[in-house]
Amino acid sequence: MSEKTKNVRYALVAMLLLFCSAIQAQTVSGNVKDPTGEPIIGATVMEQGTQNGTVTDFDGNFTITLKGKSHKLVFSYVGMVNQTVDVAGKSSVNVAMKDDAQMLDEVVAIGYTTVRKRDLTGAVSQVNAKQIEDIPVTNVTEALTGKMAGVNVTTTEGSPDAEITIRVRGGGSISQDNSPLYIVDGFEVSSINDIASSDIETIDVLKDAASTAIYGARGANGVVIVTTKSGKEGKVNINFNATYGWEKVVKEIGVMDPYNYGVYQYELDSGTQYVTDKGSYGSYSELNQLKGMAGNNWQDKLFGRTGTQKTYDISVNGGTKKLKYNVSYAHVGKETIMLGSELKRDNVMAKLNYKFNKWLSADFKFALSNQKVEGLGSGTDTNESNATNSWSNKAIRYAPINPITDDGEEDENSSFATRVDPYQSVTGTSKEVTRLKHNYNFGLTWKPWKGWKFNTRFSMGWDNKDTDQAWLAKANNNSKYENAGMGLVVYQTDHKKTLTNTNTVTYDAKNFLLSSDKFTALLGHEWKQTKQTKTEDVYTGYPTDYDTFDKLFDNTSVAKRMDPWDYVYPNDRLLSFFGQLLYTIQDKYYLNATLRADGSSKFGSGNRWGWFPAVQVAWRLSEEDFMKKYEWISNLKLRLSIGTAGNNRIDSGLLMTQYERSKTTGSAPYFDENRTPYLMHGEYLYNPNLKWETTITRNIGIDYGFWKGRVNGSFDIYWNSTNDLLMKARVQSSSGYIYQFRNFGSTSNKGFELTTNVVILDKKTFSLNGNFNISYNRNKITELNTDSKYESSSFAGSTISEYNDFKIAEGERLGELYGFLYDGYYTASELTLGGDGKWTSPDDSNYTYGGTLYPGAPKYKDVDGDGKITEADKQRLGNTVPTWTGGFGFDASWKNTWGTIDASIFFNYSLGNEILNGTKLANSFFAGSSKGYNLIDQFNVDNRYTWVDPATGLNLGRPHANTIAAYGGTEGVVSRLNEINAGKAMWNPAATSTMVISDWALEKADFLRLQSVTIGYTLPKAWLKKIHLQKVRIYFTGHNLACITGYKGYDPEVSVSKNAMCPGIDFATYPKSRSYTMGLNLQF
Amino acid sequence: MKNIFKTIVICLGAFALTACSDWLDTTTDSQLPESVAFNNVEDIQLATLGLYADLCSDPYIQLQTIHQGAGTDCELIDGLGATATNQNNERDGMNYNASVSWTKLGTLWEKQYKTIEDCNRIIEGVSRSELKDNDAVMSATAEARVIRAMVYLDLIRVFGDIPFRWDAANSDLSNINQGKTDRDVILDALIDDLENVVEENKLPWCDQVSSEHVNMGFAKGLLANICMTRAGYAIREDNNSRAEEGGYSSSKKENAGYIKADYSDDNFKTLRPSDEDCKELYEKAEKQLKEIIEHGTHDMNNSFAGFWGYINKLELDPTHESMFEIPMGFGIAGELGYTVGVRMNGATKDWGFQNSAGKLKTTAEQLYSYQPCDTRRDITCVPYELKNFDRTPNATPIKDYTFLKDSVVVFEEGGEEKQATVTDETIIFDGEEMPVITEYGTAVTAESLVKNKPFALYIGKWDVRRMSDRWKQQNKSASLKFGYGINTVKMRYPQILLWYAECLAYKGDFEGAAEWVKKVHFRAFNDAKQSYTGRSPIEDKGDFEDELDAATDFESMLDMIDLENRLEFCGECFRKWDLIRWNRLHDNIWAAKMAYVKGSTQDDSSNALYQRKIYFKYKDDAVKEIEQNGKMVKFFYAPEKAIDWSSATWYGVDGTNKEKGEVPNNTWFNDHKYRYASSTAYDEGTGKGYKYPGLGKDNKDFNAQSYAMNSFGYETYDSRELDLGSICSGLVGSSTKTVDQFDEPGHVKNRYLMPIERTVMDSSNKRLYNSYGYPN
């Protein structure tokens, strides 16, 4: 404990003491303790009927001089029942505070009001500060993984700024953004990934439309409400947390070693030649030299390093009756396993609440986050058009060793000169994304008469994202800007400014119609405006000696500047009116009705307004007399709700054809060799009739608590149907467009959710709790007015043939993957070898796809029996959307004189889906007949069909006439092929240059993940007293420690497609890591 | 309290303000609604420029321009042997084995239709505008109409009958959801529309606007070409119910008086319109072509090489030989020079990064089709690549030249006085910069003959050595591919002349026709008298002029036009469309294959045109001798970079010898100063032997291989059976053994059309279907 920190503490306490009044006659001193006998620091001691008060010190002691006449002191502390003690004539008093059961009944934010959890009428899940605190993460969303039933949190990949998707009950829309609405302290934000986890008080997820209807427009996919920590009346709390962690890649994909790779290349080189004296890796006998050679392990080079992560945060909060405050600062610094990948984030937040008087109060919040991410993400980079060339895919397929080219002789179709190894791509690219967000919220609450509350709130927010990227000449391959192959600098900005105003009036009444009823009515109005601008500034064609990033960034004047591009979006405006009625009788019968009308500037004047009504009822059975006899039932509530919500997440400007100025990318005429700007119209066919997408949710739920709440939880069954799906639909491409946004079709999601918490042991010194949640969701496309029954994921560009891999059809589910059925490979005996070295099938059939027949070529099932593999042979292969998801965990604590040990373990799981292992598929054949690419290690020569006779090095698959002669005719070749390939598991990759999506590449993605394990140790307070600390906890956490799965790729929790209709594809992903973190938590 | 009321007032104010529905109407200056854009002349012009942006994308970068034009008797895309199995790629696709999943076909379709829609939108938008009679606006819409016609024609060439739309797409899809339209209906509509464009006369000629813009000459040429295409042969749909209904089935066409070609499929018939209709169409074409010629804006560059110099340098030819070229951007677009052109194998010292693939190839047969003095031969057929050699001169390299540094030396060469400027590492001779060889092992970028690859000759019309300094500079700094920026020439003036000749021949004016063919032909000869008999392997032609004069019927004149077309346009991928309308595509490819079989057959020595070995010399200019201060200084620079093609023994070692495989004796080598395998050092006394630098250090395979190269007659299994069998196998079959025409059961004869790609068909919900035996 440093001297400095101590001083800070004294200063803060002294500051608070200033609020206390001057000295008078009677002085009372004493001590305040909590129910366990520990002294309470910072409890408020007020003299009743006056503004005179003090707070307890580090040992719970206080001294107060009375000024008023009541001679009564009021002791208060957060989470405890206020106590009033008569001190008339006493000079000393000891108080033992009691926990406030009522206060502990958590409050849940629903819309523009909060209710006690026990009074909830809708389906809501909650995660609180404690749960988040225990498991340190850099990204809040990650902490939610598996914690809430019906809320599926997926970290799509391992990059530092990976998008973390949240799906509430499967998501309704099949093509639009399915992410829920995020509300932070009352205002909508685009993401919660940049909030410091230490700032979070609670996260509530509203799941049924009845709860979300108050958010109308945007609540169709659920609402995630984040409430940040506020200052609390009472003592000053200073919290300090620090963590340090390491991470390491979990898994690498096995690829062929230099020897096996060399043999494969030899096989490609030696086709149709009698003697290959030299392939690109030497003659057959020379290949043996490759044995044992390490070669380049690109995966290791790119993401083999140990990542580190450090975080620290400090917060100070406290307050008096008038002023409450919370100020915090947090920092995250992360270097991931990926070469050159870094994340830094600083968060500052300040919250103030000020009560002018009994009827007027104001609150203010300032939040700033500044995040800087360096390094490349996975998939397609800014200057690339296809993920096939991304570093993440090249890490698998790039040749482990370079060919021997002594005289520059090379195959013109497979030139190495045009290839850049992934290490060069990564080290030759500098990408820095800075995101500065700041937000100012201001609210005023006026309570002029009893029961009436007027509230007005303003929020202003800036979200400025700046991407600075530079490519050295060597990494600027396949650039879509000018001058590929030379240095390139691209500056992009994406700036948003949001202004929101909400006004509500609330009327609360008790005994409104009946005795012991409660009535709340709310009327509100809200408007929101978002301004967005984008710019792009591109510098190309640097001279070659500009070979460092600094040189590129600092010398834009030597480069050619393309016409800078900027774009101002039309203002996105939303205007809303809403009302809510809450009525409760005897805490038994609940009614909650809401209605909201939203007008959106994205739709035409006739379709602008959406109306979203909802109603919920609940019945707390356990309060009924007839239930009292079942003493073991402590709580039983039945909930019923129905409601609607909307979705308008489409771009503005789709209602009519509009012309825009040309961009820096994309084709352009160069009259007289100068890029000429022009006007172009939008990419999508216009549609003036676009309207709101609406979701109707029906929900039946039960909240239960048995044996005094030792077992508690909830169970919900729901049926969501989404109508007028807003969707980017394919149109006949002879229209000149590929897509049009349209309202069409309906989907439904049906499922149930179960959450159970069990207090297994609750002893004074030892406690053990368990929690479990499971949810089941099944999606169905109930109506679809589209022409196109397939969607193409096109995940690897033209590498893979015949996409049309996802069937979108009425009555089907989302994520139905179609393809061919793999049926082994052709053996030499199944084919006939002609004297000209060509293979034919005896009955003229061809069960391979679109290629020439060779022994060792993969075969597919000819379902329609026409002797050929065509579109008609496509079959349903499986579904890529999981049906069962959830998590379970235990936490325990063991209290002793030497401190408290806490431990928790948490698993999450997902069942019922398959993933298309695109990495495996795209690296399993002679892709596009381009030589010099590596394959996965399943194609090691011992395991696969080969044409090369190990004895002679001659190619028997594409035999030269002399080869056939040397083997004594075609029978000799066939029998030798059979001999060398007896028992081989895999096909010959050299035999197929065209690959299709087949069940071979589909793998079960069920998994059980040991998401986190934490062990913590808290020092006993008795020890801390001496060093004036409230709490010291050290802990150790492991993340993603194990994942039990049959899936062979990096990780089964993956989906790379940006097209929501094509989920569950794994290709060119960023591998996930396993991390270990040590942390320290201090409370002053 | 006051403040509170204020707040309430503000809130109510905001409420009142926002309740107004206008607040939800938002616009931005970054977007112009059509109603605004089409009422402003500048915006209309800017939108028209957008059409050129469409043209500068995939179709005219390579899909249409290179890939789809390949697959003729002299233009092939790489699909030989093992690489000819990729049906989802141009390699086998352009062997006429395209698969419905070849995604580039989908891209071609989508992009071309995007251009059509963009044209339609402008034309329709302007028709509603108050500005529709403004001259500048009419000129802009005329450009859109010509571009639309060009794109429709190109789509029809690739796919046959296709959906046809003349108006902008409706949001309710009412005019989008359509099936195929009879291509004759489309072509007729295009002819009408272009006739109006020409009539309205709002388009400028090339003397007022650069040939990078659509101009009157091109509009007329395109109109003529569409008329001739309409009059030509085309494979038609069989009698399926939809084609019957649409009126474009073979039987409907035959009933309408169409005439079946000699070479035709029985179901999918190859037909042309009746003689009467053809006559009318040819007349229309003739009128336009004549007007172009008479207008005089367009002409041929005096030199064939000179024209290609402009193209490679990204400059516009002042004679407007190029009628319309698509303005590709340097450094961003353009595959010409990369996908087709002289190949650099590996990074080269002189030209930088190996920015070339040379995927489009021509054949040995094409090389032999030229008369030896035809200047087009060595520009069109490139049997070598550019490559770095680590050459070690055997003569003493210059070490002591420092006394010449930074000085200008005057010397004499060939009776002329020339200047040489000597700097640290280079010597500039007569404006040409050469490195000074000061030490052994200096890399040299030289022409290196490719060995026995009779079907893989590069096309030298696009040649890095002819590119601009800017290109060279950039390519030397580049380490990866970048766009060459070479404009795609859509129509060349010689084409107009040959079409005009065809029109004249069609109406029986053979003398007139011959005149225009000659004009094209003799441009390629430095001296017209040199136009003596070439050695066309198809048959030994007599004197070109005699042949031409002897052509007094349409078919024989067409033979001459066909040949001239081949000599002039090989590699430019124009040829296929003419061959198709003449219905000669199949026959010509077959003939070219057979010509190779015949010319490379060893046992028939009289026909053994293709040599087994080629002997050649590098150009003699590798040494400069300069007298300075009474001292002879030898500069060795750029040794053996360029082959002296006149020395190549394409026709045998003594110029008359037709025998293949004959190895001349050493006397022959010495007499002709050819280098031979066991190199003899140059003897100053006798003047014999080899005296130039560039000889391999240990006389290893270097000289043996590069001075006597296995050539096209060197028969191996690879080239003859496998490669020859792969070429255009979907059209002419894969057998080369028997001189049978492609007539296998289950195959559609004469199917040069491409299938409609899978996703395109899917998006049409079965309104489109694949015909000609392609799977649906």
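Everything discussed here concerns the structure shown above.
Source: prediction; values computed, not measured.

*Asks:* Is there a simple way to explain the overall build of chain B in this structure?
*Replies:* Along its length, chain B carries 27 helices and 23 strands. Residue burial in chain B is summarised as follows: out of 776 residues, 64% are buried. Of the contacts made within chain B by residues no fewer than 6 positions apart, 74% connect residues no fewer than 24 positions apart. Put simply, chain B shows about 28,200 Å² of open surface, and 46% of that area lies on carbon and sulfur atoms.

*Asks:* Could you clarify how one ought to interpret the overall build of chain A in this entry?
*Replies:* A tally of regular secondary structure across chain A gives 14 helices and 57 strands. In terms of overall size, chain A behaves like a compact globule, its C-alpha atoms giving a radius of gyration of 33 Å where 1084 residues would be expected to give roughly 31 Å. Counting the 1084 residues in chain A, one finds 59% classified as buried. In chain A, 72% of the contacts between residues at least 6 apart in sequence involve partners at least 24 apart. Within the structure as shown, chain A displays about 41,600 Å² of accessible surface, and the carbon and sulfur contribution to it stands at 55%. Charged side chains in chain A number 115 positive and 117 negative. The centres of these two groups are separated by 11 Å.

*Asks:* What am I meant to see in the interface of chain A and chain B here?
*Replies:* Reports often express the size of an interface as the amount of accessible area lost when the parts come together. With 108 residues of chain A in contact, the opposing surface of chain B contributes 104 residues. Carbon and sulfur atoms supply 53% of the area buried between chain A and chain B, which totals about 8,700 Å² over both sides. Our count for the contact surface shared by chain A and chain B stands at three salt bridges. In this structure, the salt-bridge partner of A:Arg730 is B:Glu110, at a minimum N-O distance of 3.6 Å. Linking chain A with chain B are 29 residue pairs in polar contact (both at pLDDT 80 or more), by the criterion used here.

*Asks:* I tried to follow the side chain of A:Thr885 on my own but got confused; where do I start?
*Replies:* All names here are of chain A. Secondary-structure assignment places Thr 885 in strand S50 (residues 884-896). Its relative accessible area of 12% is what places Thr 885 among the buried residues. Contacts of Thr 885, omitting those with residues within four sequence positions, involve Asn 152, Asn 773, Ile 774, Ser 775, Tyr 909 and Ser 910.

*Asks:* Just to check I follow, could you spell out the sheet that holds strand S5 (residues 72-76) of chain A for this structure?
*Replies:* Within a sheet, adjacent strands bond to each other through the backbone by hydrogen bonds, running parallel or antiparallel. All names here are of chain A. Strand order across the open sheet formed by four strands is S3-S2-S5-S6, with antiparallel pairing between neighbours. Of all the strands in the sheet, the pair left with one neighbour each is strand S3 (53-55) and strand S6 (83-86). The sheet shows a mean angle of 20° between the axes of neighbouring strands, taken without regard to direction. Bridge count for S5 against S6 is four bridges, and the pairing is antiparallel.

*Asks:* So what exactly am I meant to see when it comes to the sheet that holds strand S4 (residues 259-260) of chain B here?
*Replies:* Residues and elements named next belong to chain B. Spatially, three strands are ordered S3-S5-S4 in an open sheet, and the strand pairing comes out antiparallel. Edge positions in the sheet fall to strand S3 (234-235) and S4, since each of these pairs with one other strand and no more. Inspection of the sheet shows S4 paired to strand S5 (residues 270-272) by two bridges, in the antiparallel sense. Within the sheet, the bridge partner assigned to Lys 260 lies in S5 and is Leu 271.

*Asks:* Help me understand a positive patch on the surface, please; the structure alone is not making it clear to me.
*Replies:* Residues and elements named next belong to chain A. A cluster of basic residues, Lys 322, Lys 355, Lys 358, Lys 447 and Lys 453, forms a positive patch on the protein surface. Relative to the helices and strands, Lys 453 is located in strand S23 (residues 452-471). Since its relative accessible area comes to 33%, Lys 453 is described here as partly exposed.

*Asks:* Would you mind showing me how to read the pairing of strand S28 (residues 572-585) of chain A here?
*Replies:* Consecutive side chains of a regular strand alternate in pointing toward one face of the sheet and then the other. Residues and elements named next belong to chain A. Counted residue by residue, S28 has 11 buried out of 14 residues, so it is predominantly covered. Direction of pairing for strand S25 (residues 517-542) relative to S28: antiparallel, over a ladder of 14 bridges. Within S28, the position partnered with Lys 518 by the bridge is Thr 584. In this structure, S28 lies alongside strand S29 (residues 589-600), joined through 12 bridges in antiparallel fashion. Residue pairing across strands places Leu 574 opposite Ser 600, the latter belonging to S29. Counting the residues that bridge the hairpin from S28 to S29 gives three residues, and of these Gln 586 lies at a positive phi of roughly 55°.

*Asks:* I keep staring at the nonpolar core and nothing clicks. Help me out?
*Replies:* The tendency in soluble globular proteins is for nonpolar side chains to be buried as a group. Ranked by internal contacts, the top residues of the largest apolar core, which has 206 residues, are B:Phe159, B:Leu222 and B:Met557. The element best represented in this core is helix H7 (residues 135-159) of chain B, accounting for 15 residues. Setting aside residues no more than four positions away along its own chain, B:Phe159 makes contact with B:Leu105, B:Leu108, B:Trp109, B:Leu753, B:Met754, B:Pro755, B:Ile756 and B:Tyr772. The next biggest cluster of nonpolar side chains, apart from the first, holds 90 residues, and it includes A:Met338, A:Ala395, A:Ile401 and A:Tyr826.

Criteria and cut-off values
Residues numbered from 1 in each chain as written. Chains lettered and ligands numbered in written order. Predicted model: local features only at pLDDT ≥ 70, side-chain atom pairs only at ≥ 80, totals over all residues. Heavy atoms only, no water. Helix = DSSP H or I, 4+ residues; strand = E, 2+ residues; numbered from the N terminus. Buried < 20%, exposed > 50% of the residue type's maximum accessible area, 1.4 Å probe, protein only. Contact = heavy atoms within 4.5 Å. Areas by Shrake-Rupley, 256 points an atom, 1.4 Å probe, with all protein chains shown as cover. Rg over C-alpha atoms; globule rule 2.2 N^0.38 Å. Lys, Arg positive; Asp, Glu negative; His and termini not counted. Charge placed at Lys NZ, Arg CZ, Asp CG, Glu CD. Buried area = accessible area lost by both parts, 1.4 Å probe. Salt bridge = Lys/Arg side-chain N within 4 Å of Asp/Glu carboxyl O. Polar contact = N/O pair within 3.5 Å; in protein donor to acceptor, adjacent residues only side chain to side chain. Pairing = 2+ DSSP bridges. Axes fitted to C-alpha atoms, helices over the stretch in contact; angles between N-to-C directions. Patch = residues over 30% accessible without salt bridge, like charges linked within 9 Å, V, L, I, M, F, W, Y side chains within 5 Å. Core = buried A, V, L, I, M, F, W, Y, C linked by side-chain atoms within 4.5 Å.

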